[in-house]
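Here are the chains, one letter per residue:
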Amino acid sequence: MSETPTDYKGPHRVLSGMQPTGRLHLGNYLGALKNWVALQEDPTRECFYCVVDMHAITMPHDPATLPDSVRSAAAAYIAAGVDPEKSTIFAQSAVPAHAELAWILNCVARLGWLERMTQFKDKAGKDKERASVGLFTYPVLQAADILVYKATEVPVGEDQKQHLELCRDIAARFNRDYGKGEAFFPITEPVIQGPGARIMSLRDGASKMSKSDVSDNSRINLEDDADMIARKIKKAKTDPEPLPATVEELEGRAEASNLVGIYAALTGKTKLDVLGEFGGQGFGAFKPALADVAVEYLAPISDEYRRLISDKAEIDRILTNGAERARAVAQPVIDETKKVIGFWG
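Within each chain, residue numbers correspond to sequence positions counted from 1 in written order. With pLDDT at 70 or above as the cut-off, local features in this predicted model cover only qualifying residues; side-chain atom pairs require 80 or more to be listed or tallied, and sums for whole chains, interfaces and linings still use all residues. Only hydrogens and water are set aside; all other atoms, that is, all heavy atoms of the structure, feed into the side-chain values.

What follows deals with the side chain of threonine 88. Helix and strand definitions follow DSSP, with helices as H or I runs of at least four residues and strands as E runs of at least two, each counted in order from the N terminus. Take threonine 88: it is sitting in strand β3 (residues 87-91). Only protein chains enter the area calculation, which uses a 1.4 Å probe; residues under 20% of their type maximum are buried, those over 50% are exposed, and those in between are partly exposed. Since its relative accessible area comes to 6%, threonine 88 is described here as buried. Side chain to side chain, threonine 88 and arginine 325 meet in a polar contact 3.3 Å long. For threonine 88, the residues in contact, after removing those within four places along its chain, are Cys47, Phe48, Tyr49, Gly322, Arg325 and Ala326. Throughout this description, a polar contact denotes any pair of N or O atoms lying within 3.5 Å of each other; where both atoms belong to protein, one of them has to be capable of donating a hydrogen while the other can accept it, and for residues adjacent in sequence the pair is counted only when both atoms sit in side chains. Residue contacts are counted whenever heavy atoms from the two residues lie within 4.5 Å of one another.

The next subject is empty space enclosed by the protein. Within this scheme a cavity is a closed region of a 1 Å grid, computed over the protein atoms alone, that accommodates a 1.4 Å probe without allowing it to escape, whereas a pocket is open but has protein on both sides within 12 Å along at least five of seven lines; lining residues each have an atom within 4 Å of a point. Grid points are joined across faces, edges and corners, and a volume is the space filled by probe spheres set on the points. According to the stated counting rule, one finds 1 cavity of 30 Å³ or more in the structure shown. If you add up the space inside the largest cavity, you get close to 70 Å³. What lines the largest cavity is a set of 13 residues, and nearest its centre among them are Gly22, Arg23, Leu24, Ser72 and Ala73. With 4 residues, the top contributor of residues to the lining of the largest cavity is helix α3 (residues 66-79). Lys, Arg, Asp and Glu make up the charged group, whereas Ala, Val, Leu, Ile, Met, Phe, Trp, Tyr, Cys and Pro make up the nonpolar group; the residues left over, Gly among them, are polar. Looking at the lining of the largest cavity residue by residue, the classes come out as 6 nonpolar, 5 polar and 2 charged.

Next up on the list: the packing of helix α4 (residues 97-106) against helix α7 (residues 133-147). Between α4 and α7, whose axes approach to 8 Å, the crossing angle comes to 120 degrees. Relative to α7, the element α4 lies oblique. The two elements α4 and α7 cross, and the hand of that crossing is right-handed. Taking contact as the criterion, the partners of His98, Leu101, Ala102, Leu105 and Asn106 in α4 are, on α7, Thr137, Val140, Leu141, Ala143, Ala144, Asp145 and Leu147. Of the residues in the contact of α4 with α7, the class split is 8 nonpolar, 3 polar and 1 charged. In this analysis, axes come from line fits to C-alpha atoms, helices being fitted only over the stretch in contact, and the angle between any two N-to-C directions falls in the range 0 to 180 degrees. Note that the term roughly parallel is reserved for angles under 35 degrees, roughly antiparallel for angles over 145, roughly perpendicular for angles of 65 to 115, and oblique for everything else. Crossings are sorted by hand: turned counterclockwise from the far helix by less than a right angle, the near helix makes the crossing left-handed, and turned clockwise it makes it right-handed.

The next subject is the packing of helix α1 (residues 26-40) against helix α12 (residues 283-309). The geometry of α1 relative to α12 is characterised by a closest axis approach of 13 Å and an angle of 80 degrees between their N-to-C directions. One finds that α1 runs roughly perpendicular with respect to α12. Taking contact as the criterion, the partners of Leu26, Tyr29, Leu30 and Lys34 in α1 are, on α12, Tyr297, Leu298 and Ile301. Broken down by class, the residue content of the contact of α1 with α12 amounts to 6 nonpolar, no polar and 1 charged.

Burial runs high along strand β1 (residues 13-18): 5 of the 6 residues are buried. Strands qualify as paired when DSSP identifies two bridges or more between them. Where β1 and strand β2 (residues 46-51) come together, 6 bridges link them in parallel fashion. Bridging from a neighbouring strand, arginine 13 pairs with glutamate 46 of β2.

Let's shift gears to the packing of aromatic side chains. Geometry of aromatic contacts follows a simple scheme: Phe, Tyr and Trp rings, the Trp one being its six-membered ring, pair when their centres are within 6.5 Å, and the pair is stacked under 30 degrees between planes, edge-to-face over 60, tilted otherwise. Scanning all chains against the criterion turns up 13 aromatic pairs. Judged by centre distance (4.8 Å) and plane angle (20 degrees), the ring pair of phenylalanine 48 and tyrosine 149 falls under stacked. You can see phenylalanine 48 sitting in strand β2 and its partner tyrosine 149 sitting in the loop between α7 and β4 (153-156), a full 101 residues away along the chain. Neither phenylalanine 48 nor tyrosine 149 differs from the other in exposure class; each is buried. In textbook terms, an aromatic cluster arises when at least three aromatic residues are bridged by ring pairs, as seen for Phe174, Tyr178, Phe184 and Phe185. We call a charge positioned above a ring when the Lys NZ or Arg CZ atom is no farther than 6 Å from the ring centre and deviates by at most 35 degrees from the ring normal. The ring of phenylalanine 184 has lysine 150 sitting right over it, with the charged end atom 4.0 Å from the ring centre.

Shown next as structure tokens:
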């Protein structure tokens, strides 16, 4: 077997995206969007941030509401600071090259690789025989999302590391089979996210804050106004003990640790700094302080989100422009890929 070429010499590109299912929340912001904003400030990087509506249809969905869900996600990206002038913001389905490359990569990926994907097992549950084929193969589409731009970096959290590894395996296999001694696709590197990336539910400190949680009180949505943010923090689950003096003493106190972590992430402090300020105090004192910090931090984002979402034409203009820019990059890649694998024409 020939050695896999890895010496990719193309441009420096970043690709990431979120599904337009549910409302984006504080965990999405601190775990991803804040990082996207920082990445776009590097002039050596080209940043592509898509709303992955093709992934959204792997599970039952309402076709009537999906377009507005895409607009809502795009508005949240922009409100959080992703700049359409610096980054390409678009809907995945508006760039046909994603689906074209996904089929090609389906023929490169191996069944055993997909069978190891834990998210399919989690989402399909005991009814995997009734799950859509798309739910099983969507990690290959995710690889196509990345490789159709020849993205060299992808911001990832813990739950996406396995999918990036699959993308790397697919790229390496393609390079070995069709690269003719050169790296046609990059072996995409992860951009590991920093402190505050893992924000837990306000109702269960052992579960990640999630768009799909049935309880809206489990998360702070980016569109929540000041009163709603304060109300949710007031209702957040805690325990009867006061805050300790050290981080080690938070061990086994998931809800307390989560609230301290949120305060730290919003203020740029460490958990130890926060405990130095509030150690020995109860949640009756800490929660109002956390609510004040959260409202001050998130109010500009929620205000801008509500302004944007009230103007569908503006969002559609941004998505249309973004799709044109994305297609201009993706189409030459898919054309070159077809030629490399021997398609007619």
